[in-house]
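# An overview of the molecular structure
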Amino acid sequence: QVQLVESGGGLVQPGGSLRLSCAASGSISSISRMGWYRQAPGKQRELVAAITNDNSTNYADFVKGRFTISRDTPKNTVYLQMDSLKPEDTAVYYCNAHLQLRSSPLTYSYWGQGTQVTVSS
């Protein structure tokens, strides 16, 4: 059994900052990729940022220069530092991990439960 537990969402004013965390736990052998996605009401879920096990990063154009993704590999944890937040960043943010279990050589995709980020004055 694998769990992804997110934290750090909340209400922030435009221009403010938040830091999201996502910790993976369970019978994990390794994690090849962790990422953050978001879904606003009435819209499809979209990639925000991702980081691989060699620390390569990928950002959506709408967050470049404002958000930073990082990971703590021994803790199976990924972070998303969000600065200069805008009202259009309001969404539920989901953590995703591509990982390998101790019991299987295959790669599986797991999702967290989501954390609400609201940017409003």
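Above: the structure in question.
What comes next concerns the included structure. As the structure is a computational prediction, the values presented were derived from the model and not from experiment. (Residues numbered from 1 in each chain as written. Predicted model: local features only at pLDDT ≥ 70, side-chain atom pairs only at ≥ 80, totals over all residues. Heavy atoms only, no water.)

### A word on the sheet that holds strand E7 (residues 67-72)
The strands that make up a sheet are held in pairs by hydrogen bonds between backbone atoms, and each pair lies either parallel or antiparallel. Spelled out, the test is: The pairing criterion for strands is at least two bridges between them, as found by DSSP. Only runs of H or I of at least four residues qualify as helices and only runs of E of at least two qualify as strands under DSSP, and these elements are numbered from the N terminus. Interaxial angles span 0 to 180 degrees and are taken between N-to-C directions of axes, which are lines fitted to C-alpha atoms, for helices over the stretch in contact.
The 4 strands lie next to each other as E1-E3-E8-E7, forming an open sheet whose pairing is antiparallel. At either margin of the open sheet sits one strand with a lone partner, and together these are strand E1 (2-7) and E7. Averaged over all neighbouring strand pairs, the angle between strand axes comes to 15 degrees, with direction disregarded. In terms of strand pairing, E7 meets strand E8 (residues 77-82) through 6 bridges, oriented antiparallel. When the bridges of E8 are listed, Phe67 appears paired with Met82.

### Re the pairing of strand E10 (residues 107-111)
Pairing of strand E9 (residues 91-101) with E10 involves 5 bridges; the strand directions are antiparallel. Bridged to Leu99 within E10 is Tyr108. Counted along the chain from E9 to the antiparallel partner E10, the turn is 5 residues long.

### Some remarks on the pattern of salt bridges
Our working definition: Think of a salt bridge as a Lys or Arg side-chain nitrogen and an Asp or Glu carboxyl oxygen that are within 4 Å of each other. The rule is simple: take the accessible area with a 1.4 Å probe, protein chains only, and divide by the maximum for that residue type; under 20% is buried, over 50% is exposed, in between is partly exposed.
A full pass over the atoms with the stated rule returns 4 salt bridges. Lys64 serves as the salt-bridge partner of Asp61, at 3.1 Å between the closest nitrogen and oxygen. Take Asp61: its relative accessible area is 65%, and that puts it in the exposed class. The salt bridge involving Asp89 is made with Arg66; its shortest N-O contact spans 2.7 Å. Residue Asp89 is found in the loop between E8 and E9, and its partner Arg66 is found in the loop between strand E6 (57-59) and E7; the two are separated by 23 residues along the sequence. For the residue pair Asp89 and Arg66, the accessibility class agrees, reading buried in each case.

### Details of the state of the cysteines
By definition, a disulfide links two cysteine residues through a covalent bond between their sulfur atoms. The cut-off we apply is this: Pairs of cysteine sulfur atoms within 2.5 Å are what we label disulfides.
With the rule as written, the count across this model stands at 1 disulfide. Between the sulfur atoms of Cys22 and its disulfide mate Cys95 the distance is 2.1 Å. Here Cys22 and Cys95 share a disulfide; its torsion about the S-S bond, -80 degrees, makes the bridge left-handed. Placement of Cys22 in strand E3 (residues 18-26) and of Cys95 in strand E9 is noted, with a sequence separation of 73 residues between them. Residues Cys22 and Cys95 agree in their burial class; the two are buried.

### A look at the side chain of Arg33
To be explicit about the condition: By the criterion applied in these results, polar contacts are pairs of N or O atoms within 3.5 Å in which, for protein atoms, one can donate a hydrogen and the other can accept it, and in which residues neighboring in sequence qualify only through two side-chain atoms. Here a residue-residue contact requires only that any non-hydrogen atoms of the pair lie within 4.5 Å.
Along the chain, Arg33 turns up in strand E4 (residues 28-39). Polar side-chain contacts of Arg33 include one of 3.4 Å to the side chain of Tyr37. Arg33 has contacts with Leu47, Ala50, Ile51, Thr52, Arg71, Asn96, Ala97 and His98, leaving out every residue within four places of it along the chain.

### Some words on the pairing of E4
Two faces, one strand: in a regular strand the side chains alternate between the faces of the sheet. Both E4 and E9 contribute to a ladder of 10 bridges, which runs antiparallel. From the neighbouring strand, Tyr37 faces E9, where its bridge partner is Tyr94. The sheet contact formed by E4 and strand E5 (residues 46-52) spans 6 bridges and is antiparallel. When the bridges of E5 are listed, Arg38 appears paired with Glu46.

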